[in-house]
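Residue-level structure breakdown
Here is what each chain is made of, one letter per residue.
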Amino acid sequence: LIRTVAENSRIPVLKHYKGVCHIFVDRAADLAKAYTICHNAKVQRPGVCNAMETLLVDEAIAADFLPRMIKQFEDSTVEIRGCPKTQAIVPSVTITATEDDWYAEFLNLILAVKVVGSLEEAIDHIEKYSSNHTEAIITENYTRALQFLREGDSSTVLVNASTRFSDGGEFGL
């Protein structure tokens, strides 16, 4: 039904049938905030459509951020599927993310992790692989946050918040 409405509608339609949600941890992120937000987005309730499925990390802070973040995920029994840069930074990540993983709605304690070179690369990745459900950026840089908000083409685009916030109850519906 959702696919039929979306394909045949003559007006814009908000659709919901798959949640491939992303968080991008920007080079200007408050890392303490990022650890808490990212952990919540994946672990709090992994089997729902607003759980984070892909974590994108700016390469400028990846070496500082990823070891502690991945340890926190592993302590919560999250299986990490990482890009080669992620695996180089955190050798305990032994599963290499595949092309299919970037499209995956795991609905489980599985997370794809990719190190990206820039905000623009993160946005491009999200544009290609997202289901247009919910995307978030963790940053203290107002200009970069606004760029992410302007260029994000999802039903919910957040700054410094968990993708889990995208919920009818949270929105007061």
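Report follows, based on the coordinates. (Residues numbered from 1 in each chain as written. Predicted model: local features only at pLDDT ≥ 70, side-chain atom pairs only at ≥ 80, totals over all residues. Heavy atoms only, no water.)

**Observations regarding the nonpolar core**
In this structure, I23, V25, C38, L55, F65, L66 and F73 are the most contacted members of the largest nonpolar core, which totals 37 residues. Broken down by secondary-structure element, the contributors of at least two residues to this core are β1 (21–25), α2 (31–43), β2 (52–58), α3 (59–75), β5 (110–116) and β6 (134–138). Once you skip the residues sitting within four places of it in the chain, F73 turns out to touch C38, H39, K42, V43, M52, L55, V78, I80 and L111. Counting residues in hydrophobic clusters, the runner-up holds 10 residues, among them F24, A122, I126 and I137. (Core = buried A, V, L, I, M, F, W, Y, C linked by side-chain atoms within 4.5 Å. Buried < 20%, exposed > 50% of the residue type's maximum accessible area, 1.4 Å probe, protein only. Helix = DSSP H or I, 4+ residues; strand = E, 2+ residues; numbered from the N terminus. Contact = heavy atoms within 4.5 Å.)

**Side note on the pairing of β1**
Burial analysis of β1 places 5 of its 5 residues in the buried class, the great majority of the element. The pairing of β1 with β2 spans 5 bridges and is classified as parallel. The residue of β2 that forms the bridge with C21 is M52. One crossover worth recording links β1 to the parallel β2 by way of α2, and it is right-handed. (Pairing = 2+ DSSP bridges. Right-handed = clockwise from strand over helix to strand, strands pointing away.)

**Remarks on helix α6 (residues 119–129)**
Among the residues of α6, L119, A122, I123, H125, I126 and Y129 are the ones counted as buried. Summarising the axial view, the buried residues of α6 lie within an arc of 160°, below the 170-degree limit, and thus occupy one face. In α6, the exposed positions angled more than 90 degrees off the buried face are occupied by D124 and E127. Packed against the buried residues of α6 are β1, β2, α5 (99–103), β5, β6 and α7 (142–151). (Arc of directions from axis to C-beta.)

**With respect to a nonpolar patch on the surface**
Where nonpolar side chains cluster on the molecular surface, the patch consists of L1, V5, I11 and V13 and spans about 410 Å² of accessible area. Residue placement: L1 occurs in the segment before α1 (2–8). (Patch = residues over 30% accessible without salt bridge, like charges linked within 9 Å, V, L, I, M, F, W, Y side chains within 5 Å. Areas by Shrake-Rupley, 256 points an atom, 1.4 Å probe, with all protein chains shown as cover. Salt bridge = Lys/Arg side-chain N within 4 Å of Asp/Glu carboxyl O.)

**Some remarks on α3**
Look at α3: 23 Å from first C-alpha to last across 17 residues, which is about the 24 Å you get at 1.5 Å a residue. Taking the largest bend as the criterion, α3 deviates by roughly 50°, centred on F65, and proline P67 comes between one and four positions later. Here α3 has its buried residues at I61, A62, F65, L66, M69, I70 and F73. Structurally, α3 contributes buried residues whose contacts are with β1, α2, β2, β3 (79–82), α4 (84–89) and β5. Capping the start of α3 is the job of one residue whose side-chain oxygen sits 2.9 Å from the backbone nitrogen of A60: D58. Two residues or fewer after α3 comes T77, characterised by a positive phi angle close to 60°. (Expected span 1.5 Å × (residues − 1). Bend = angle between axes of the 7 residues up to and from the residue. Polar contact = N/O pair within 3.5 Å; in protein donor to acceptor, adjacent residues only side chain to side chain.)

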